[in-house]
Amino acid sequence: MSILKQNLPIQIVPIENNEEGIKYQGILENLEPVSIKVQMGEDFFRSNVEGPIEVEFTMSNYNFRFNSSILNKNSPIIHITKPSTIHKSQIRKTQRIKTEQKISFTMWTEGGRYDATMTDLSTVGIKMITGKLLHKNTLISMNVFFPGESLRFICQGLIMWCRVTPDSDLFYESGVKFTTLSIEAMKKVDRYIKERLH
């Protein structure tokens, strides 16, 4: 249980009636004697999620997941059951395409909207350049839209790394792993990439 730590960004995935694979972002607040206390976003409470759930999180180059259920909800907090088993898998390398697409993002921990240029897109994440220094494990919400294309999605992401760009020390390049990209949106991204690679 030691890999479950305070302030760990996690994703809640309802198991029943969730063909699209919708995920909800949360932050682990506390490990309690019989449950885990999690702070959730407003979208989770609007959706009235019930029943069994899968919990996902990322550390280093690994994805982790475990089955759980919701014990109680009192916005913005939920309590979920502790796992009996946590499954671990390596993050797979996927096909990427280079791009120069303007996107915007907000941070979970503070107000304000920021602009960025997405320079690289895959089904697991993006690379972007922005004027804001973003610390590793920061949660952001991204709005990605390709004008004139069928690809548009809004999802949360986790900053995996951030460094000054080689060209200018006024800008930062960041690697962002998608955390709440639905299965449906992931298929659209995959189709978009494959169309441009062939």
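Look up a bit, the structure's there.
These remarks concern the structure in this document. (Residues numbered from 1 in each chain as written. Predicted model: local features only at pLDDT ≥ 70, side-chain atom pairs only at ≥ 80, totals over all residues. Heavy atoms only, no water.)

1. Re the pattern of salt bridges
This model, assessed by the stated rule, comprises 10 salt bridges. Residues Arg65 and Glu54 are paired through a salt bridge, measuring 3.7 Å at the closest nitrogen-oxygen approach. You can see Arg65 sitting in strand β5 (residues 62-74) and its partner Glu54 sitting in strand β4 (residues 52-59), a full 11 residues away along the chain. Glu195 serves as the salt-bridge partner of Arg196, at 3.3 Å between the closest nitrogen and oxygen. Since its relative accessible area comes to 52%, Glu195 is described here as exposed. (Salt bridge = Lys/Arg side-chain N within 4 Å of Asp/Glu carboxyl O. Helix = DSSP H or I, 4+ residues; strand = E, 2+ residues; numbered from the N terminus. Buried < 20%, exposed > 50% of the residue type's maximum accessible area, 1.4 Å probe, protein only.)

2. What to know about the packing of aromatic side chains
This structure, assessed with the given rule, holds six aromatic pairs. Ring plane angle 80 degrees and centroid distance 5.6 Å describe the contact between Tyr24 and Phe44, whose orientation is recorded as edge-to-face. With a gap of 20 residues between them, Tyr24 in strand β2 (residues 24-31) and Phe44 in helix α1 (residues 42-46) connect regions that are remote in the sequence. By relative accessible area, which is 0% here, Phe44 ends up buried. Look at Phe44 and Phe45: their rings are 5.3 Å apart centre to centre, the planes differ by 90 degrees, and that puts the pair in the edge-to-face class. Each member of the aromatic cluster is reached from another via a ring pair, and the members are Tyr24, Phe44 and Phe45. For Arg163, the ring lying beneath its charged end belongs to Trp161, and the centroid distance is 4.1 Å. The ring of Tyr192 carries Arg196 above its face, with NZ or CZ at 3.6 Å from the centroid. (Phe/Tyr/Trp six-rings, centres within 6.5 Å; stacked < 30°, edge-to-face > 60°. Lys NZ or Arg CZ within 6 Å of the ring centre and 35° of its normal.)

3. A few points about the nonpolar core
With 25 residues, the main nonpolar core has Leu121, Ile126, Met128, Met142 and Phe153 as its most contacted residues. Secondary structure elements with two or more residues in this core: β8 (97-107), β9 (110-121), β10 (125-130), β11 (139-145), β12 (152-164), β13 (172-178) and α2 (183-197). The contact partners of Leu121, leaving out residues within four places of it in the chain, are Gln95, Arg96, Ile97, Ile126, Phe146, Leu151, Phe153, Phe178, Val189, Tyr192 and Ile193. In terms of nonpolar packing, the next biggest core, distinct from the first, is built from 19 residues, Leu28, Val55, Phe57 and Ile70 among them. (Core = buried A, V, L, I, M, F, W, Y, C linked by side-chain atoms within 4.5 Å. Contact = heavy atoms within 4.5 Å.)

Without other data, these values stay purely geometric and don't point to any function.
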